[in-house]
Amino acid sequence: MTRDAVAARAAELRALLDHHSYRYYVLDDPEISDAEYDRLFAELVAIEHERPDLARADSPTQRVGARPSAAFAPVVHGQAMLSLGNVFTDQELADFDRRVRERLGHDDVHYVAEPKLDGLAVSLRYENGVLVRAATRGDGTTGEDVTANVRTIRACPLRLRGHAPPRVLEARGEVYLPREGFLRLNENQIAQGGKPFANPRNAAAGSLRQLDPAVSAQRPLRVFCYGIGEWLGGQAPASQEALLAMLAELGLPVNPERRTVVGYEGCLQYYEDLGRRRADLPYEIDGVVYKVNEVVEQRLLGELSRTPRWAVAHKFPAEEAVTRVLGIDVQVGRTGALTPVAVLASVAVGGVMVSHATLHNPEELSRKDVRIGDFVSVRRAGDVIPEIVGVLRERRPPDATPFIFPDHCPVCGSPVVRDEGVVARCAGGLVCQAQRRETIRHFASRRAMDIEGLGDKLVEQLVLRGKVATVADLYRLTPGDLMDLERMGERSAAKVVGAIAASRHTVFPRFLYALGIPEVGEATAAALARHFGDLEDLMAADEERLVEVPDVGPVVAHAISTFFSERHNREVIAALRAAGVSWPRLERPAAGPLSGKTVVLTGTLEGMTRDEARAALEGLGAKVASSVSARTDYVVAGRDPGSKVRRAEEWGVPVVGEEDLRAWLGEGRPGQG
Ligand code: IVH
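Just checking my understanding: could you explain the overall build of the protein for this structure?
When helices and strands are counted, the protein shows 24 helices and 24 strands. Projecting the C-alpha coordinates of the protein onto the three principal axes gives extents of approximately 80 × 80 × 50 Å. For the protein, buried positions account for 49% of its 673 residues. For the protein, the accessible surface area stands at approximately 32300 Å², while carbon and sulfur atoms represent 50% of it. Treating the 84 positive side-chain charges of the protein as one cloud and the 94 negative ones as another, the clouds have centres 2 Å apart.

And the structure:
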């Protein structure tokens, strides 16, 4: 292939990848599968590897670059990054709108209402359409250079779309971590023995200020743009509405929830509507921002020292509140871990009543020095359990009592042992009724075996009455066993037994999750299931093999292998299987004769459809790709094969015919191309 042709293909791939990133991250409307994207990406990587002279800084392959030499060098913003004034009540909002109307001298002001994301403000500087620098807000005048890290955010274009981008454009926006990314990140943090982030904001800030951009790249950060700083070359849009449309047109991600509303009523309606949908948004917001739409009106209104008079943030009720500690309980988890929990005077936090907050572990309890009688501030962040942020020391009453952590399990009286980490554990194992109860609760829970009707209260009674000791005992229960329990009639007893029986037919990832292996959450269970395909193989794996599974680090691998090496656990698993718990075997890329090989199909095959050929090849362990690259091992060409054969020849990839494919299927071995 000539240099020009390869260069043209590289340019084509870059354009394709940019287009598909844009569809995925900005429009949230992908046109191709992730696998397809990965294939195109791999092809470009291969080209740039072979021809480093063709590599370009704005190539989608170049998102993770070298570490910046000076970490986070100061950046003076072309135009100051302002902050926003806050309003908390309808009255304060009405006052804001009144001031705006008075200064403008007319009613019915048009505002653009936008969600206020809880992340980190950044300024993205594009020169002639190319991202040249990204900076944090800092003090508003001077921020920090985070270009290397921002480049790893796939939603952030390295090059603007369209033919005539402004000569200089500083786009302002918020970098954030979607809820799901936050949960996944924390699951990983914990699995790797690290500390979870308290909220998505901290996680986003911590991720963006990573010294190593390769670490940032692993964090699923996103960005939404909501304004501009410097704009040189061409006319800047005359309204906020037009500006956001223009940013979107340039390929920058802009929040689709933005609306233009009229007056105070319009603002309030938007606020209430978004407030109701808040929990369903894929990211956390802490309020709404209203901006006077017309830029001429914004100019008329002007700015105070740090905040504009033409915009305001309308905050949702605080996610943090102050209350009093009434007592401290110690809860025993299913692995025996003892968690101190503060019992609080009920308080509304972010619109939800909170009466308990976790203190995580004895070390955290003593570090925060929480005493009974103290005033504490409590935080709720998304789906995370409420926690104590800190003690208000100046309000500590003289009789506040320090809590002495028990050295015996409050449930079974067994000694408490401290493991290498910070966890205190009841040494009672399954003698401890709390551990039994929690193990069974977890097993029956919705995301595990999903046994309807087997709720917390029922499990508690079953354990207290000695009717079940292990999860396998559930499958021996008869309606008669249940009928003498509280609030259990004949019909409900039969129903629960039916639900238990029905849970026998499950799927492998659920079963794995249901076992309650320490450190193994849903995502890890799914990854293990995918990797191993079946239980025997997983149980036989040593730690070395376990760390080969994506997202499994040494801590998790150790927990898994310890779990399966315990005789009791093996017995319970055997009893579950004997009771008929089963799942369909997962399809797993078999170690077939073509395993590890990448094959591309082209042209019309005589004896089979494209889909049949694909399935047959996959059955032999091959990966079937759509385009030819240096990584392709074989091209299978039918009638009228087209350009793929030419490309194969250019790359030196063997081209085989349909008869060879048949031979592979028959003989199970690749022939000579
Ligand atoms: S506008 C001149 N719009 O909130 C206006 N800010 O409290 C400057 N924020 O520093 C900001 N979402 O980090 C604006 N849609 C939005 C926003 C937003 C989040 C953040 C931003 C800013 C802070 C001010």
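Is there a simple way to explain the pairing of strand β5 (residues 130-136) in this structure?
Remark: a regular strand shows side chains that alternate across the two faces of the sheet. When strand β4 (residues 120-127) meets β5, the two strands line up antiparallel, connected through 6 bridges. Paired with V122 across the two strands is T136, which belongs to β5. Following β4, the chain reverses through 2 residues before pairing antiparallel with β5; N128 in that reversal takes a positive phi of roughly 50°.

Just to check I follow, could you spell out the site of the ligand for this structure?
The immediate surroundings of the ligand are formed by 15 residues, with E114, K116, E174, Y226 and K291 found nearest. Within the backbone of P115, one N or O atom sits 3.3 Å away from a nitrogen atom of the ligand. One of the side-chain N or O atoms of K291 is found 3.0 Å from a nitrogen atom in the ligand. Taken by itself the ligand offers 520 Å² of open surface, and the protein chains cover 87% of this. Top element by residues in the shell around the ligand is strand β3 (residues 110-117). It accounts for 4 residues. By residue class, the composition of the shell around the ligand is 9 nonpolar, 1 polar and 5 charged.

For this particular structure, what's the right way to read the sheet that holds strand β11 (residues 311-315)?
Two pairing modes exist for strands in a sheet, parallel and antiparallel, and in both the strands are linked by backbone hydrogen bonds. Spatial strand order, β2-β11-β10-β3-β9: 5 strands in an open sheet with mixed pairing. Because the sheet does not close on itself, it has two edges, and the strands there are β2 (86-87) and β9 (259-262). When β2 meets β11, the two strands line up parallel, connected through 2 bridges. Bridge pairing in β11 links N86 to A313.

Whenever I open this one, the pattern of salt bridges confuses me. Can you help?
In a structure, side chains of opposite charge can pair up when their charged atoms sit close to one another. This structure, assessed with the given rule, holds 45 salt bridges. Between D58 and R56 there is a salt bridge, with its nearest N and O atoms 3.4 Å apart. Taking the relative accessible area as the measure of exposure, R56 reaches 39% and is therefore partly exposed. As a salt-bridge pair, D456 and R441 come within 3.3 Å of each other at their nearest N and O atoms. With D456 in helix α13 (residues 456-464) and R441 in helix α12 (residues 433-444), this pair connects stretches of sequence that are 15 residues apart. Accessibility expressed as a relative area gives 44% for D456, which makes it partly exposed. Take R441: its relative accessible area is 24%, and that puts it in the partly exposed class.

Would you mind showing me how to read the packing of helix α20 (residues 554-565) against helix α21 (residues 567-578) here?
If you want to describe how two helices pack, look at the angle between their axes and the distance between the axes. Following both chains from N to C, one finds α20 and α21 inclined at 70°, their axes separated by 5 Å at the closest point. Comparing the axis directions of α20 and α21 gives the class roughly perpendicular. In this structure, α20 uses F563, F564 and S565 to contact α21, whose residues at the interface are R567, N569, R570 and I573. A class-by-class count of the residues in the contact of α20 with α21 yields 3 nonpolar, 2 polar and 2 charged.

Is there a simple way to explain the side chain of E174 in this structure?
Looking at the secondary structure, you find E174 in strand β7 (residues 168-176). Among buried Asp, Glu, Lys and Arg side chains, E174 stands out as unpaired, with R201 the closest opposite charge at 5.1 Å. Side-chain polar atoms of E174 contact the backbone nitrogen of G119, separated by 3.1 Å. A distance of 3.4 Å separates a polar atom in the side chain of E174 from the backbone nitrogen of L120.

What should I look at first to understand the sheet that holds strand β23 (residues 634-637) in this one?
With parallel pairing, the 4 strands of this open sheet are ordered in space as β22-β21-β23-β24. Edge positions in the open sheet fall to β22 (623-625) and β24 (655-656), since each of these has one partner strand only. Summarising the sheet, strand β21 (residues 598-602) and β23 pair through 4 bridges and their orientation is parallel. Bridge pairing in β23 links L601 to V636. Against the sheet, helix α23 (residues 643-651) engages β21, β23 and β24, with an angle of about 145° to β21.

Looking at this structure, I do not really get a negative patch on the surface. What am I missing?
A grouping of D542, E543, E544 and E548 is seen on the molecular surface, where their side chains present a negatively charged patch. For D542, a relative accessible area of 41% gives the class partly exposed.

Hey, could you run me through helix α17 (residues 522-532) in this one?
Because each turn of an α-helix spans 3.6 residues, side chains separated by three or four positions end up pointing in the same direction. For α17, the complete set of buried residues consists of T524, A525, A527, L528, A529 and F532. Summarising the contacts, the buried residues of α17 are in contact with α5 (179-191), α16 (508-514), α18 (535-540), α19 (543-546) and α20. G533 sits one or two residues past α17 and shows a positive phi near 75°.

It is not clear to me how the pairing of strand β13 (residues 338-349) should be interpreted in this structure. Could you clarify?
Inspection of the sheet shows strand β12 (residues 320-332) paired to β13 by 7 bridges, in the antiparallel sense. Across the sheet, the residue bridging to V330 is P340, located in β13. With 6 bridges connecting them, β13 and strand β14 (residues 352-358) associate as antiparallel partners. Opposite V341, over in β14, you have T358 as the bridge partner.

Hey, could you run me through unusual backbone geometry in this one?
Working note: non-glycine residues mostly have negative phi, and peptide bonds are mostly trans. For D108, which is not glycine, the phi torsion reads 50° and is therefore positive. Along the chain, D108 turns up in the loop between α3 (90-104) and β3. Of note, D450 is a non-glycine position whose phi angle comes to about 55°, a positive value. Taking the relative accessible area as the measure of exposure, D450 reaches 41% and is therefore partly exposed.

Got a minute to help me understand the nonpolar core in this structure?
Across soluble globular proteins, nonpolar side chains have a tendency to be buried as a group. Counting residues in each nonpolar core, the largest one holds 56 residues, and the members touching the most others are L474, L512, L528, L535, L538, F564 and L576. Dropping the residues within four chain positions of it, F564 is found in contact with L512, L515, I517, L535, L538, M539, R570 and I573. In terms of nonpolar packing, the next biggest core, distinct from the first, is built from 37 residues, A171, F197, A203 and L250 among them.

Could you clarify how one ought to interpret the packing of α12 against α13 in this entry?
Orientation of α12 relative to α13, taken along the N-to-C sense of each, is 140°, at an axis distance of 9 Å. Between α12 and α13, the angle falls in the class oblique. The hand of the α12/α13 crossing is right-handed. For the pair formed by α12 and α13, the contact residues are Q433, R436, R437, I440 and R441 on the first element and D456, V459, E460, V463 and L464 on the second. Looking at the contact of α12 with α13, its residues break down into 4 nonpolar, 1 polar and 5 charged.

I tried to follow the packing of aromatic side chains on my own but got confused; where do I start?
Each aromatic ring pair is described using two quantities: the centre-to-centre distance and the angle formed by the ring planes. Scanning the entire structure with this criterion turns up 12 aromatic pairs. A ring pair is formed by Y176 and Y283, whose centres lie 5.5 Å apart and whose planes are at 70°; its orientation type is edge-to-face. Taken together, the positions of Y176 in strand β7 and Y283 in the loop between α9 (263-277) and β10 (285-292) put the pair 107 residues apart, joining distant regions of the chain. Relative to Y283, the ring of F224 has its centre 5.7 Å away and its plane inclined at 80°; by these criteria the two rings are edge-to-face. Residue F224 is found in strand β8 (residues 222-232), and its partner Y283 is found in the loop between α9 and β10; the two are separated by 59 residues along the sequence. Of note, R161 hangs over the ring of Y22, and the distance from its end group to the ring centre comes to 3.9 Å.

Reading guide: rules and limits
Residues numbered from 1 in each chain as written. Predicted model: local features only at pLDDT ≥ 70, side-chain atom pairs only at ≥ 80, totals over all residues. Heavy atoms only, no water. Helix = DSSP H or I, 4+ residues; strand = E, 2+ residues; numbered from the N terminus. Buried < 20%, exposed > 50% of the residue type's maximum accessible area, 1.4 Å probe, protein only. Areas by Shrake-Rupley, 256 points an atom, 1.4 Å probe, with all protein chains shown as cover. Lys, Arg positive; Asp, Glu negative; His and termini not counted. Charge placed at Lys NZ, Arg CZ, Asp CG, Glu CD. Pairing = 2+ DSSP bridges. Near = heavy atom within 4 Å. Polar contact = N/O pair within 3.5 Å; in protein donor to acceptor, adjacent residues only side chain to side chain. Nonpolar A, V, L, I, M, F, W, Y, C, P; charged D, E, K, R; others polar. Salt bridge = Lys/Arg side-chain N within 4 Å of Asp/Glu carboxyl O. Axes fitted to C-alpha atoms, helices over the stretch in contact; angles between N-to-C directions. Parallel < 35°, antiparallel > 145°, perpendicular 65-115°, else oblique. Contact = heavy atoms within 4.5 Å. Patch = residues over 30% accessible without salt bridge, like charges linked within 9 Å, V, L, I, M, F, W, Y side chains within 5 Å. Core = buried A, V, L, I, M, F, W, Y, C linked by side-chain atoms within 4.5 Å. Left-handed = near helix turned anticlockwise from the far one by under 90°. Phe/Tyr/Trp six-rings, centres within 6.5 Å; stacked < 30°, edge-to-face > 60°. Lys NZ or Arg CZ within 6 Å of the ring centre and 35° of its normal.

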